[in-house]
Amino acid sequence: MAAPREMKNEEDLSADIKTWSKDHVRQWVLEIGVDVKFADILFQQDINGSSLLLIDKTELMELGMTLGPAKQIIHDRDELLKIRKEQPTSSVNQSGRPCKPYPFHRYHDTCRYMEKSILDVTESGATDYIEPCHEYKAFIHTPDENRMSKFTTEVIRFAAACMNSRTNGTIHFGVGDKPEFTHGQVLGVDVNDKEAYENALEHAIDGYFEHKHIPAAKMCIKHPRFVGVLNQDTTSSEKYVIEVDIVPDSMICKENYYHIFSLDTRKAKKKAKGKETDQLGVKQSKQFFVRDGSSSRDLHAPTTYAKPEEEYNKFVENLTQLSQLRKQAEEKHLKVIKSSLQGSRLSNMITGGSQSLDKSHFERYVIVTNKSHSIQLESLAFLQELNPTAVLDFDPESAKSGLQCHFEEQSTVNVHSPVQYKITEAVEDIASKLKLTRNTSWVFCNGRINGEVPSDIDSWLMDKGASVRDVISFLCRKDVLPDKRYLVIFLLLSTVSEKMDPLVETFSIFWQELKGTAQILCICENENAFTCWKDLIEVRCGINISGRCIYELSFAEVNGTILSLLSENRRSSRFLPCGGGSKVLFERKVEGSLDTLDVLCVNQCEGGNEDKVLIEENFYKGGKVSWWNFYFSEQPGSTPFIKRDKFDFIVDTILPDLCSMSKACVFFNLLHVAGCGGTTLAMHILWALKEKFRCAVLKNCNADLAVAADQVVKFLMYNHEEQLPRIPVLLMIDDFDDMDKVFDLQQLIEKECVKKNIQSRSPQVILLNCMRSESLEETERTEDTVFIGNNLSEMEQKQFEQKLVEIEKTYKNADTFYGFMIMKKNFLPEYIQGVARNTLKSFNIDEKPAQLIAFLVLLNVYCKGASLSVSLCEEFLGIQPKPVCGSGRIEDGFGKFSTLITSSSVEAKVVFKAVKMIHSSIAWHCLQELTTTYNVTKAEMTNLLLSTEKLYQCTQGKDKLMQDVHYMLVKRYHSVEEDSQFSPLIQDIAKETPGLEELVLQNAAKRFEKDAIISQLLARYYYLKKKDFKEAKDWAGTAKHLSRESSYITDTSAQVIKHELKNAIANDKEVPIKPEKLNSFLKMAQSAIDAFKETQQLAKKESTSRFQTRSDNCPFNTSGCLGEIQVAVIVIEILAKTPIFSLGNVRHDIMSHVLSGSISIQKVEQHDPRRNKHTSYYPILRQFEDLLYNLRFRMKSQFDYLENFYVNLGSRFGMKDSREQVARKEVFRCFKQYADLFCKTDSRELLKNKTMNTMLQVDQVRKFLEMQKADTHSGILNYLSNGIPPEIMEKIAKHYDFLLAKDSDLSVKDRINYIYANVVLSRLRPESRQLQRYPNLLDLLCQVLHGQIPLSNNLALRFIAVALLWPQHPSLSKSAQSRSLEKHVSQLRTSYHAVMKEVCNGKRPIIHFFLGKKQGYERLIHFGEIERCVQAGPEKVPSLWENGKIWKKKEVGELLCRVTGELQGNVILADTCITDLKVEVSPVFRSQVSGRADGSKVSFFIGFSMKAPVAIDIY
């Protein structure tokens, strides 16, 4: 029987062996590697699938097979049955979606197949010779040992068929066919060694083709291509589709035809020389394949056709014509040459028409992308230059090996999950947490973040579609990104061919949110990808996006085109100074990570093409100076930048002086009147010193200072780790509204230096604090402060005159350069007033531009530096921005007022462009003009600002506006002389239009509905101004409901009651007070005290929490303690008005005893001679027994608590807190009334009266001590600094002598106070005869230390013990107690934490004494003595302390004892005169010891605080 007519495809074999024909059986036997002669035996015996299942090895051998082939056939049949059983047909036949085959004759495209997808081309024969035919091989059932031979055999047959038929073709291995799979179904195969396939194919070509045709075959048969197969969730798999392209080029094949030979047959021929061989096998060894439909057919194969070779001969005869047709097809194909203008189109679309990325219309870019290929990544450098705000990445493996991984090597990214964009709080708060406009936000839209599993195309929409819609909706909000000024770029790195693809849905959402495609750009790698994308979008959205697509450029061309749009400055590298004139490359990624800093490089601006005219115009009109202004002034033909008089002083004197300090972080202040060039001077200093220091500006004064400190130290250490000494960082901080923030930043930088173990023998960071001064005149000079006022020197005026000449030559509109002219005119008020009057002429508040300028004026006067975002102004004015360059400037919308405003970038929660007034003095004069000439009151402007809804809609900058409005409504100014009750705006409104401030505040409450502070403000207004306590309580309640855990809000509720009580008493003119009034007043007092107690609890809770978490440096809120004292004083005043306690000294004493709890109300009633007349009062008093009996105790406790707080804790940097000073004055007033009631005595007669009973004398002495606040160690220590004459201290010491003499069982507290009294007296009046001998005092101290010590006295005792027992001289030290010094220090630290932890946050323990060189009492030096020694005023001392200069004074060095020691971690083990005794002391500035090895020797001064002994001025 004849052999089969054609070779069947592997995929024709059904999964069910029973259905196989004898042709299928023969094909399968050949595929498993059995010789053709044995396959023919089975074919001739009509063995089909059913027969194959029944036959065994013996029967095969009986048919003439040898043992080996018979055994192999049975084994492979059984293995196949086993495989088919384990892999059910239903699972493998699951079809996927159609996809395009890999581009023909290409190797570096990024195409990959997805598992189970269907190639949308069928197996075919020749069509137009150029369009490739295809053949599919599943290749998954082939045994490993036969896989390579199977691969080479199929490729050679297919290749020969294509070459003979002169058609291009691709054979695919790992693609299934019917009946087992869907036709063209991607399966993929495991490939362990790609090179083995290439070697095997090359070897097969040598073996199969005739020798003369081998070179042609090698040129036509291309190298195998291994196309990756993705899992259905787009993650990578280990599988590939192996493809071989055949290109029978007419120049190679010419008119040749190609036979192939079996390798086995060639070997057989060599063995058969001179012998008879199987002629059938030899004939079949020569084969001639052609493409016949979907298969390759051998024209030499045996057939039943009458003339077997006729078809072959006819084909060969027509080969010349076939070759000619092939050549014509090639020529036709080559004539299709593309002419593209897409490069210029891309340049136009990506810049909004400006043709320059430096001046692009688009401020922001959002990228949407999918699966990338490794070969694409090098062509995507343009992404870093676009600095995208957000990237929506649908590749779950992007972070592992894709685009995100590549991008992060060059730039800083913040990785996000879509769920983080769900609006659960204020929009700008979310944007701030995400750092949305600071670094690129990389949003993984298909899993692989936080363990989220990727989804396949079918399930993505249900699983993740909603969260990605949240991301898009968030990004498209007008209060997040600037309206019409951002571009969404769909970067299609993989072909999108499915209608359910996530990118199609994403496009649809953006299209809806942006209301069109004007802000969308699509970039596809090739035309096929574009066609698929365009068709899918047309089906999904019904629009044609061809005009918004780039598809004729490769990604390399896209990359080059976009990078060419950058100026040389943007493309060039940036450098930082590194010492000795050397420089170091400043990497873009590092710069991006320092997002709180604006870094000034040594080559700043070089190579830039910025518009000089535009930049200088903006500056001269009043805009903020930029680095470009300094750069332009240094170019040939320009006059130098105006150098202010203080410039040289700062550069030549202050900075070198600071660099001699030994702290890690030092600072100096540049105080300036607003609009007088302070910021410009500070930036000029940085520009001039950019090669000597690493210079930077803190971008946002409201930035997280801990983050800023971390970044400053990273900036310091960048490529600097080993080099010593390092170049310091010179950091400019601008517009801090509080010195505390400067100190906070300094402290945080010091901590970072310690954390990173940075040595600080000299300053590592210098802070240039550029801060507005509220005073127009220079206050007392200090060594760390420079003042810039509104008065130019003659030299400065000359420079301005010279500059004006240059300006007028260049600019025709120089008369509108108000910022420059104001300074040139030396801030002449008449000039500024004239500008305001002329510009505001015909002002009409009903016009929108007029309203906007009024808002800006009001904001700038009452909130320095306030601005309105460009987006907000456009929205308000009804200007519709367009996504195209030159669509209009916001200044034009202001009309004639445009000369009063300037634009700038604002660093808030999101970064945005804004407009503000050009000069603070112009804003002030404009406000005066509006109120006087146009009768537009401040109340009217404020109400309009608060009630104009359009300002507070979803617009960029809305949150900043809310902050600024809130600030000018709430911010009060505190001073010792005057503690303002309300903000300057509210006070000015009340003066200008009395009563309208209430309407303003009510409108504020509507605008800030959920704001506790505004509700608190209303409560304060009603109880302070209106005396409407019911309304005040309601607002206080609202505030408390909104902020339950705030002690300051709770305090307001208590203050309302207190003021209601005071008001009620003031309105009650009846004396004596009526019983019903007494009842009412005491009820209110009780309620107020309870409310203040709640305030105290919350204050302690807040302070402890802050201390534990180190969350901020806000100090302890003392208002609850003071409030309780104030109410207690009011209670005393109330009782004094009752007839029971109002008559004479006797009744006064009775009240004192009742309030001390020593006499009951019942006893008073029993002994009251007028009790019948007073009978209505006693039941009322009995209702409040608890309040009355504990009043003195509670007052005394609060006085002592506050005394301990004020005396032992100071502001962290020695600066006086005006609010604390006001509070201390009030405490003093209240204590005076307390003392008048409870401590009255005649101190002059007290100790002289010999007849007075001893117990009575003791009682009187104690009253005297209490009255002098000398009954506590804190009160006694306060005499060191409170300015009270030393004579009082002598009396106190004398009274303690009396107690010690009269009372043998004197309490521990009294004996400790006795020691303190003598020590303090010794420092105030060393020559006093009242002083106890020093050795006797030490003996007493040792006695106390040996006895039982109550916990309440431990802190005071341990402090004085450490100070007095510190060994200086062996013979003079109490050696036993001195040797216990380490124990005393340890217990001092423990006691301090136990006693002070509730109140010490944001405070520094005051150093009461320093260790001096002398002996005895003189060993302790008080800080006041040091102040007198250096002859510095109280204003200068804090700066001298902070910068360490005070310790450099020769006089101080002569006073204090310098101690040696060695480092041990972050502490110092101080040497003492006792050889083996070392005491642990803490450095005041830990940065002074960081970076030094343990055991390093140091010297220092010692100070004694309640916390521990400390080391100062460490060397």
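Residues numbered from 1 in each chain as written. Predicted model: local features only at pLDDT ≥ 70, side-chain atom pairs only at ≥ 80, totals over all residues. Heavy atoms only, no water.

(A) Region of the structure containing the overall build of the protein. Looking only at helices and strands, the protein features 65 helices and 41 strands. Here the protein has a C-alpha radius of gyration of 46 Å; the compact-globule value for 1515 residues is 36 Å, and the former is much larger. If one aligns the C-alpha atoms of the protein with their principal axes, the spans along those axes are about 160 × 85 × 75 Å. For the protein, the residues scored as buried account for 56% of the 1515 residues in total. Across the protein, the mean location of the 196 positive side-chain charges is 5 Å away from that of the 198 negative side-chain charges. (Helix = DSSP H or I, 4+ residues; strand = E, 2+ residues; numbered from the N terminus. Rg over C-alpha atoms; globule rule 2.2 N^0.38 Å. Buried < 20%, exposed > 50% of the residue type's maximum accessible area, 1.4 Å probe, protein only. Lys, Arg positive; Asp, Glu negative; His and termini not counted. Charge placed at Lys NZ, Arg CZ, Asp CG, Glu CD.)

(B) Structural detail: empty space enclosed by the protein. For the coordinates displayed, the defined rule picks out five cavities of 30 Å³ or more. Roughly 70 Å³ of internal volume is contained in the second largest cavity. Considering the residues around the second largest cavity, the lining is formed by eleven residues, among which Ser662, Lys663, Gly1444, Trp1447 and Gln1488 are closest to the centre. Tallied by class, residues from the lining of the second largest cavity come to four nonpolar, four polar and three charged. (1 Å grid on protein atoms, 1.4 Å probe; cavity = no way out; pocket = protein on both sides within 12 Å on 5 of 7 lines; lining within 4 Å. Points joined across faces, edges and corners; volume = space filled by probe spheres on them. Nonpolar A, V, L, I, M, F, W, Y, C, P; charged D, E, K, R; others polar.)

(C) How the structure looks around the packing of aromatic side chains. Under the counting rule described, the total for this entry stands at 54 aromatic pairs. Pairing Phe586 with Tyr718 gives two aromatic rings, centres 5.7 Å apart and planes at 65°, and the pair type is edge-to-face. Taken together, the positions of Phe586 in the loop between strand 23 (583-585) and helix 25 (588-593) and Tyr718 in the loop between helix 30 (705-717) and strand 27 (729-734) put the pair 132 residues apart, joining distant regions of the chain. Neither Phe586 nor Tyr718 differs from the other in exposure class; each is buried. (Phe/Tyr/Trp six-rings, centres within 6.5 Å; stacked < 30°, edge-to-face > 60°.)

(D) Representation of a negative patch on the surface. On the surface, Asp144, Glu145, Asp190 and Glu238 cluster together into a patch of negative charge. Tracing the sequence through the fold places Glu238 in strand 10 (residues 236-246). (Patch = residues over 30% accessible without salt bridge, like charges linked within 9 Å, V, L, I, M, F, W, Y side chains within 5 Å. Areas by Shrake-Rupley, 256 points an atom, 1.4 Å probe, with all protein chains shown as cover. Salt bridge = Lys/Arg side-chain N within 4 Å of Asp/Glu carboxyl O.)

(E) Molecular detail of the sheet that holds strand 32 (residues 911-917). Taken together, the three strands give an open sheet; going across it, the order is 30-32-31, and neighbouring strands pair in antiparallel fashion. In the strand order of this sheet, the two ends are held by strand 30 (868-869) and strand 31 (901-907), each with one partner. Sheet topology note: the strand 30/strand 32 ladder contains two bridges and is antiparallel. For Ser869, the partnering residue across the bridge sits in strand 32 and is Ala914. (Pairing = 2+ DSSP bridges.)

(F) A look at helix 47 (residues 1119-1136). The terminal C-alpha atoms of helix 47 lie 26 Å apart, and with 18 residues this matches the ideal 26 Å at 1.5 Å per residue to within 8%. Where burial is concerned, most of helix 47 is hidden: 16 out of the 18 residues are buried. (Expected span 1.5 Å × (residues − 1).)

(G) Region of the structure containing the packing of helix 53 (residues 1218-1238) against helix 55 (residues 1254-1267). For the pair helix 53 and helix 55, the least separation of the axes is 10 Å and the interaxial angle reads 170°. Judged by the inter-axis angle, helix 53 sits roughly antiparallel to helix 55. When helix 53 is examined against helix 55, the residues Phe1231, Tyr1234, Ala1235 and Phe1238 are found in contact with a partner set consisting of Lys1263, Glu1266 and Met1267. Grouping the amino acids of the contact of helix 53 with helix 55 by side-chain chemistry returns five nonpolar, no polar and two charged. (Axes fitted to C-alpha atoms, helices over the stretch in contact; angles between N-to-C directions. Parallel < 35°, antiparallel > 145°, perpendicular 65-115°, else oblique. Contact = heavy atoms within 4.5 Å.)

(H) Molecular detail of a positive patch on the surface. A surface patch of like charges, here positive, comprises Lys751, Arg1110, Arg1486 and Lys1507. In this structure, Arg1110 sits in the loop between helix 46 (1075-1109) and helix 47.

(I) Representation of the environment of Arg571 in the model. Within the secondary structure, Arg571 is located in helix 24 (residues 568-571). Placed 275 residues apart in sequence, Arg571 and Ser296 show a C-alpha to C-alpha distance of 57 Å. With residues up to four places along the chain from it excluded, the contact list for Arg571 reads Leu563, Ser564, Leu566 and Arg588.

(J) Structural detail: the environment of Arg726. With respect to the element layout, Arg726 can be found in the loop between helix 30 and strand 27. The exposure class of Arg726 is buried, given its relative accessible area of 12%. Taking the C-alpha atoms as reference points, Arg726 and Val391, separated by 335 residues in sequence, lie 38 Å from one another. Within the structure, the side chain of Arg726 is placed 3.4 Å from the side chain of Gln764, a separation counted as a polar contact. (Polar contact = N/O pair within 3.5 Å; in protein donor to acceptor, adjacent residues only side chain to side chain.)

(K) Spotlight on the packing of helix 44 (residues 1029-1042) against helix 45 (residues 1047-1067). At their nearest, the axes of helix 44 and helix 45 sit 8 Å apart, and the two run at 170° to each other. One element, helix 44, and the other, helix 45, form an angle in the roughly antiparallel class. The element helix 44 and its partner helix 45 pack so that their crossing is left-handed. Taken together, the residues of helix 45 that come into contact with helix 44 (itself represented by Phe1029, Ala1032, Lys1033, Ala1036, Ala1039 and Lys1040) are Ile1049, Thr1050, Thr1052, Ser1053, Val1056, His1059, Glu1060 and Asn1063. Residue composition of the contact of helix 44 with helix 45, grouped by class: six nonpolar, five polar and three charged. (Left-handed = near helix turned anticlockwise from the far one by under 90°.)

(L) Spatial organisation of the sheet that holds strand 16 (residues 390-393). Spatially, the seven strands line up as an open sheet ordered 17-18-16-15-19-20-21, and their pairing is parallel. Either end of the sheet is taken by a strand with one partner, and the two such strands are strand 17 (413-416) and strand 21 (549-550). With two bridges joining them, strand 20 (residues 520-524) and strand 21 adopt parallel strand pairing. Counted as the bridge partner of Cys522 is Cys549 from strand 21.

(M) Here's a closer look at the confidence of the model for the protein. Residue-level pLDDT values for the protein average 86, and 91% of them are 70 or greater. Throughout residues 1-11 the model reports pLDDT below 50, and contacts reaching past four residues in sequence, or to other chains, amount to 47 contacts. In the predicted structure, residues 88-94 sits below a pLDDT of 50 and forms 13 contacts with residues beyond four places in sequence or in another chain. (pLDDT = per-residue confidence, 0-100.)

(N) Expanded view of the pattern of salt bridges. Summed over the entire model, instances satisfying the criterion amount to 76 salt bridges. Measuring nitrogen to oxygen at the nearest pair gives 3.3 Å for the salt bridge that ties Glu998 to Lys1026. Within this pair, whereas Glu998 is found in helix 42 (residues 996-1007), its partner Lys1026 is found in helix 43 (residues 1012-1026), the two being separated by 28 residues in sequence. Given the relative accessible area of 42%, Lys1026 is considered partly exposed. One continuous salt-bridge network, built from bridges that share partners, spans Glu31, Glu135, Lys137, Lys150, Glu154 and Arg291.

(O) Spatial organisation of the pairing of strand 14 (residues 295-298). Where burial is concerned, the two faces of strand 14 agree: the one with Ser295 and Arg297 and the one with Ser296 and Asp298 are both buried. One ladder, built from four bridges, connects strand 13 (residues 289-292) with strand 14; its direction is antiparallel. Paired with Val290 across the bridge in strand 14 is Arg297. Where strand 13 hands over to strand 14, the hairpin turn is made up of two residues, of which Gly293 adopts a positive phi near 65°.

(P) Quick peek at helix 59 (residues 1334-1346). In a regular helix each residue adds 1.5 Å, so 13 residues correspond to 18 Å; helix 59 covers 19 Å between its end C-alpha atoms and thus fits that length. By the burial criterion, the buried members of helix 59 are Tyr1334, Leu1337, Leu1338, Leu1340, Leu1341, Cys1342, Val1344 and Leu1345.

(Q) Summary view of unusual backbone geometry. Between Lys178 and the following residue, Pro179, the backbone shows a cis peptide bond with an omega angle of 5°. In this model, Val1071 is joined to Pro1072 through a cis peptide bond whose omega is 0°. With respect to the element layout, Pro1072 can be found in the loop between helix 45 and helix 46. A positive phi is found at Phe139, a non-glycine position, where the angle reads about 65°. Positionally, Phe139 belongs in the loop between strand 4 (133-137) and helix 7 (144-165). Accessibility expressed as a relative area gives 0% for Phe139, which makes it buried.

(R) Seen up close, the environment of Lys864. For Lys864, the location among the structural elements is in the loop between helix 35 (848-862) and strand 30. C-alpha separation for the pair Lys864 and Cys99, spaced 765 residues apart in sequence, amounts to 62 Å. Setting aside chain neighbours within four positions, we find Lys864 in contact with Arg772 and Leu859.

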